[in-house]
Amino acid sequence: MVGSTLGNMQFGLNQAEDIASTPIGIAVRIGENWRLYDIIKNKVIDVKEPDFDNMPTFIIPSVRLRVGDLIKDNDEYYFVVGAGLGITRVQSTRTDEVKTELPTRNFLGTNCYLKIVTFDELIEMDSANSHEENLATIPSDNVQTLLEMRRNIFKVMNSGEIEPEKIKWLTD
């Protein structure tokens, strides 16, 4: 899967060089330092040289966020510092500004965030919920969202609103 853009939605392999996977989460390069969300300290931290795990990161549309997640909005990256009851508070990785973030309604009519995830998160094997569960039985909001979006893409294609060639690769 290679990174793709469809309308106002991005998904696939994240090829941004300022984003990297580490054993404790995703790091964002700001100048000569890297910023990570430390879930134990419950805050964004600066690290000079984090231990990279050389695993790819992905950008996916997601309907659910939790504290520590990294999202992208208008080419800016934000760490989620508060999530719940339909309100998401985010902190800019660049300026430290904290603001309320609303999901984006994509051209398919789905409200979602553009979430940056590690390979482990993509396959739902993070330590928080899958040590003793069978991978096949783990519910995946992200997979459900992608399947819903795929169904909506077929509806849009059949309506004639978008040229089928622009999204043909989704149906291969």
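Overview of the structure. On a predicted model such as this, the values are computed, not experimentally measured, just so you know. (Residues numbered from 1 in each chain as written. Predicted model: local features only at pLDDT ≥ 70, side-chain atom pairs only at ≥ 80, totals over all residues. Heavy atoms only, no water.)

Some words on the pairing of strand β3 (residues 19–22)
For a regular strand, side-chain orientation follows a simple rule: the groups alternate between the two sheet faces. Where we set the bar: Each residue is placed in one exposure class: buried if its accessible area under a 1.4 Å probe, protein chains only, is under 20% of its type's maximum, exposed if it is over 50%, and partly exposed if it falls in between. Runs of E in the DSSP output that reach at least two residues are strands. Runs of H or I that reach at least four are helices, and both are numbered from the N terminus. Two strands form a pair only when DSSP identifies at least two bridges running between them.
Here β3 shows a buried face lined by Ile19 and Ser21 and a second buried face lined by Ala20 and Thr22. For β3 and strand β4 (residues 25–30), the ladder comprises four bridges, and the chain directions are antiparallel. Directly across from alanine 20, in β4, lies its bridge partner alanine 27. Hairpin connection from β3 to β4: two residues lie between these consecutive antiparallel strands.

Some points on the nonpolar core
Quick note on the threshold: What is meant by a nonpolar core is a set of buried Ala, Val, Leu, Ile, Met, Phe, Trp, Tyr and Cys residues, joined one to another through side-chain atoms within 4.5 Å. Only heavy atoms matter for contacts: two residues are in contact if any of them lie within 4.5 Å across the pair.
The biggest cluster of nonpolar side chains holds 11 residues, and these are Ile19, Ile26, Val28, Tyr37, Val44, Ile59, Leu70, Tyr77, Phe79, Leu114 and Ile116. Listing elements by their share of this core, those giving two or more residues are β4, β9 (76–84) and β13 (111–118). Setting aside its immediate chain neighbours within four residues, tyrosine 77 contacts Asn14, Ala16, Asp18, Ile19, Val28, Leu70, Ile71, Lys72, Gln91, Ser92, Thr93 and Ile116. Formed by six residues, the second largest nonpolar core is a distinct cluster that contains Leu65, Ile71, Tyr78 and Tyr113.

Details of unusual backbone geometry
Its identity as a non-glycine residue notwithstanding, asparagine 42 has a phi of 60°, on the positive side. Counting through the fold element by element, asparagine 42 comes out in the loop between β5 (33–38) and β6 (43–47). Residue asparagine 74 is not a glycine yet carries a positive backbone phi of 50°. Relative to the helices and strands, asparagine 74 resides in the loop between β8 (70–73) and β9.

Some thoughts on the pairing of β13
Here β13 lies mainly inside the structure; seven of its eight residues are buried. Here three bridges tie β8 to β13, and the two strands are oriented antiparallel to one another. Bridged to leucine 70 within β13 is isoleucine 116. By the bridge criterion, two bridges tie strand β12 (residues 104–105) to β13 in an arrangement that is antiparallel. Its bridge partner being in β13, threonine 104 is matched across the sheet by cysteine 112.

So, the side chain of threonine 118
The topology assignment puts threonine 118 in strand β13. Apart from the residues within four sequence positions on either side, threonine 118 is in contact with Ser21, Ile26, Pro56 and Phe58.

Let's talk about the packing of aromatic side chains
Going by this rule: Paired rings are identified among Phe, Tyr and Trp, the last through its six-membered ring, by centres lying within 6.5 Å, and are further divided according to the angle between planes into stacked (under 30 degrees), edge-to-face (over 60) and tilted (the rest).
Evaluation of the coordinates by the stated rule reveals two aromatic pairs. Considering the side-chain rings of tryptophan 34 and phenylalanine 52, the 5.0 Å spacing of their centres and the 70° angle between planes classify their relative orientation as edge-to-face. Note that tryptophan 34 is positioned in strand β5 and phenylalanine 52 in the loop between β6 and β7 (57–62), a separation of 18 residues in sequence. On the basis of relative accessibility, which here comes to 38%, the residue phenylalanine 52 falls in the partly exposed class. Judged by centre distance (6.2 Å) and plane angle (40°), the rings of tyrosine 37 and phenylalanine 79 are tilted. Of this pair, tyrosine 37 sits in strand β5 while phenylalanine 79 is found in strand β9, placing the two residues 42 residues apart along the sequence. The same class applies to tyrosine 37 and to phenylalanine 79, which are both buried.

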